[in-house]
Amino acid sequence: MKPVTPAYKKQNNGHYSAGMLSNGMLYISGQLSIDPDTRRVPDGGAGVHAKLALANLDRVLQAAGLSRDSVVQCRVYVSDIDDWDEVNRVYAEFFGAHKPARIVVPVGKLHFGCLVEIEAVAEVNKIC
């Protein structure tokens, strides 16, 4: 196993790796809608939060040398299921024609007041 840690300007004190490479797969920890360089949560609604959470996911992918089309599965956690249409729109823009397997989980409050958190699994060595 090998941890993947993008270059962040602020230190995260959580006891986890942003990503973990293992057996040809990259497991990406939940990416909150918080700026990892400033540790600030954005103003705005769920769409703004989804865009930032996906940008954070993209940062982990890039640190591992991967692209969005290598994502196999996402788990999307939303603080309010009524925001799903807006989150889904931003998610679809992010992935384009690529449609990873996905689950959406309404969870209530998320850490730091974030509205969205997204975790993913990506394929490192494409064998299909």
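Rules and cut-offs
Residues numbered from 1 in each chain as written. Predicted model: local features only at pLDDT ≥ 70, side-chain atom pairs only at ≥ 80, totals over all residues. Heavy atoms only, no water. Axes fitted to C-alpha atoms, helices over the stretch in contact; angles between N-to-C directions. Helix = DSSP H or I, 4+ residues; strand = E, 2+ residues; numbered from the N terminus. Left-handed = near helix turned anticlockwise from the far one by under 90°. Contact = heavy atoms within 4.5 Å. Nonpolar A, V, L, I, M, F, W, Y, C, P; charged D, E, K, R; others polar. Buried < 20%, exposed > 50% of the residue type's maximum accessible area, 1.4 Å probe, protein only. Pairing = 2+ DSSP bridges. Phe/Tyr/Trp six-rings, centres within 6.5 Å; stacked < 30°, edge-to-face > 60°. Lys NZ or Arg CZ within 6 Å of the ring centre and 35° of its normal.

### Some remarks on the packing of helix H1 (residues 46-63) against helix H2 (residues 84-95)
For step 1, the next point in the chain: For the pair H1 and H2, the least separation of the axes is 8 Å and the interaxial angle reads 35 degrees. Between H1 and H2 lies a crossing whose hand is right-handed. On H2, the residues touching Ala46, Gly47, Ala50, Lys51, Leu54, Leu57 and Asp58 of H1 are Glu86, Val87, Val90, Tyr91, Phe94 and Phe95.
For step 2, the next point in the chain: Residue composition of the contact of H1 with H2, by class: 9 nonpolar, 1 polar and 3 charged.

### Thoughts on the pairing of strand E6 (residues 116-123)
For step 1, the next point in the chain: Taking burial as the measure, the 8 residues of E6 include 7 buried ones, the bulk of the element.
For step 2, the next point in the chain: In this sheet, E6 lies alongside strand E3 (residues 25-32) in antiparallel orientation, the contact comprising 6 bridges. Bridge pairing in E6 links Tyr27 to Val121.
For step 3, the next point in the chain: Taken together, the 7 bridges between strand E4 (residues 71-78) and E6 define a ladder with antiparallel strand orientation. In the sheet register, Arg75 faces E6, and the bridge partner there is Glu119.

### Thoughts on the packing of aromatic side chains
For step 1, the next point in the chain: A complete count under the given rule lists 2 aromatic pairs for this structure.
For step 2, the next point in the chain: Between Tyr91 and Phe95, the aromatic rings sit 4.9 Å apart at their centres with planes inclined by 55 degrees, giving tilted as the arrangement. One end of the pair, Tyr91, and the other, Phe95, are both in helix H2, 4 residues apart, so they sit about a helical turn from each other.
For step 3, the next point in the chain: The exposure class assigned to Phe95 is buried, which follows from its relative accessible area of 7%.
For step 4, the next point in the chain: Measuring from centroid to centroid gives 4.8 Å for Phe94 and Phe95, while their planes differ by 85 degrees, and the two rings are edge-to-face.
For step 5, the next point in the chain: Through a chain of ring-to-ring contacts, the aromatic side chains of Tyr91, Phe94 and Phe95 assemble into a single cluster.
For step 6, the next point in the chain: Just above the ring of Phe94 sits the side chain of Arg68; from NZ or CZ to the centre is 3.8 Å.
For step 7, the next point in the chain: Over the aromatic face of Tyr91 sits the side chain of Arg102, whose NZ or CZ is 4.7 Å from the ring centroid.

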